[in-house]
Amino acid sequence: MANLILLGPPGAGKGTQSRVLTEKFGLVQLSTGDLLRDAVEKGTDAGKAAQDVMQAGGLVSDDIVIAIVSDRLDRPDTANGVIFDGFPRTVAQAQALDTLLTEKAQTLDLVISLDVQDEAMIDRVSGRYTCAACGEGYHDTHKKPANPDTCDACGGHDFKRRADDKAETVAQRLAAYHAETAPLIAYYERKGLLKHIDAMGDIKAISNELATAVAQEDA
Ligand code: AMP
């Protein structure tokens, strides 16, 4: 089992690569973005508090996010190992994660920084959409389904776009990444947990590189 973090700005491929790794290694993907969008949809207190900040491309408060992660880690399916996708995003969240894992007698085994060029991210993110049924990811120019309007993975016909994937909001999200999240690279480097992967190339080649890194930890 292994617990790992995928670090990187919006559009680096954290969600896409997490999905591949969950299938390969039986790990659970813990995406705070997904959990927060779910809370917004359900209209919970956390969702109501998070909604406007998310819409504007800012960061939701550490307290809310840490509480959501703590709840999710209490579910037994996480015992096999977790891929943290989009969490932690601040040093305070990273410290809280250290504490949560220690309380659960677990360790953090690997942090992978998906390295990308910022300029490419606005195009990547603002053109992306997913299958509403299975979550498979697509892009207006780089990855269209083989048959238009039909999901390659599940045959579904419904697709959705995130409200915060508009170009203006993506610029805000990139700024938040550089201000708040990028310092985590040094934080995990100091702990000897960090590995860099060039994430500008072919999705499959990046998946293979990631899988090799995870397999070394999982052995
Ligand atoms: P994501 O799906 O990871 O791109 O997250 C979408 C949005 O949810 C972000 O732009 C933030 O507003 C919020 N969010 C997700 N994860 C976190 C986090 N760990 N800390 C603060 N805000 C978050």
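See the structure printed just above.
Here's a quick rundown of the structure. (Residues numbered from 1 in each chain as written. Predicted model: local features only at pLDDT ≥ 70, side-chain atom pairs only at ≥ 80, totals over all residues. Heavy atoms only, no water.)

**Looking at the sheet that holds strand β3 (residues 82–85)**
Operational definition: Any two strands with at least two DSSP bridges between them are considered paired. For the purposes of this entry, the term helix denotes a DSSP run of H or I that reaches at least four residues, the term strand denotes a run of E that reaches at least two, and both are numbered from the N terminus. Orientation is described by axes fitted as lines to C-alpha atoms, over the contacting stretch for helices, and by angles from 0 to 180 degrees between their N-to-C directions. Here, two residues are considered to be in contact whenever any of their heavy atoms come within 4.5 Å of each other.
The strand order across the open sheet built from five strands is β2-β3-β1-β4-β8, with neighbouring strands paired in parallel fashion. This sheet does not close on itself; its edge strands, each paired only once, are β2 (28–31) and β8 (194–198). The average undirected angle you get between the axes of adjacent strands in this sheet is 25°. Across four bridges, the pairing between β2 and β3 is parallel. Paired with V28 across the strands is V82, a residue of β3. Sheet contacts for helix α4 (residues 62–73): β2 and β3; angle to β2, the most-contacted strand, approximately 165°.

**Looking at the layout of surface pockets**
The following threshold applies: Cavities and pockets were defined on a 1 Å grid built over protein atoms only: a cavity is a set of grid points that admits a 1.4 Å probe from which the probe cannot escape, a pocket is an open set flanked by protein on both sides within 12 Å along at least five of seven lines, and lining residues are those with an atom within 4 Å of any such point. Grid points are joined across faces, edges and corners, and a volume is the space filled by probe spheres set on the points.
Taken as a whole, the second largest pocket encloses approximately 230 Å³ of empty space. Surrounding the second largest pocket, L35, D38, A39, K42, T44, A46, I68, D71, R72 and R75 form its lining. When residues of the lining of the second largest pocket are assigned to their parent elements, the largest contribution, four residues, is made by helix α2 (residues 32–42).

**With respect to the environment of A133**
Threshold: Each residue's exposure class comes from its accessible area (1.4 Å probe, protein chains only) as a fraction of the maximum for that residue type: buried when under 20%, exposed when over 50%, partly exposed otherwise.
For A133, the location among the structural elements is in the loop between β5 (128–131) and β6 (137–139). Given the relative accessible area of 63%, A133 is considered exposed. Sequence separation between A133 and H157 is 24 residues; the distance between their C-alpha atoms is 8.4 Å. Apart from the residues within four sequence positions on either side, A133 is in contact with C154 and D158.

**Description of the pairing of β5**
Each regular strand displays side chains that alternate between the two surfaces of the sheet. As paired strands, β5 and β6 are joined by three bridges and run antiparallel to one another. What sits directly across from R128, in β6, is H139. Count of turn residues in the β5/β6 antiparallel hairpin: five residues, of which G135 carries a positive phi of about 85°. Here two bridges tie β5 to strand β7 (residues 159–160), and the two strands are oriented antiparallel to one another. Counterpart to C131 in the pairing with β7 is F159.

**A short note on unusual backbone geometry**
Cis rather than trans, the peptide bond between F87 and P88 has omega equal to -5°. Relative to the elements of secondary structure, P88 occurs in the loop between β3 and α5 (91–103). Non-glycine residue A105 carries a positive phi angle of around 55°.

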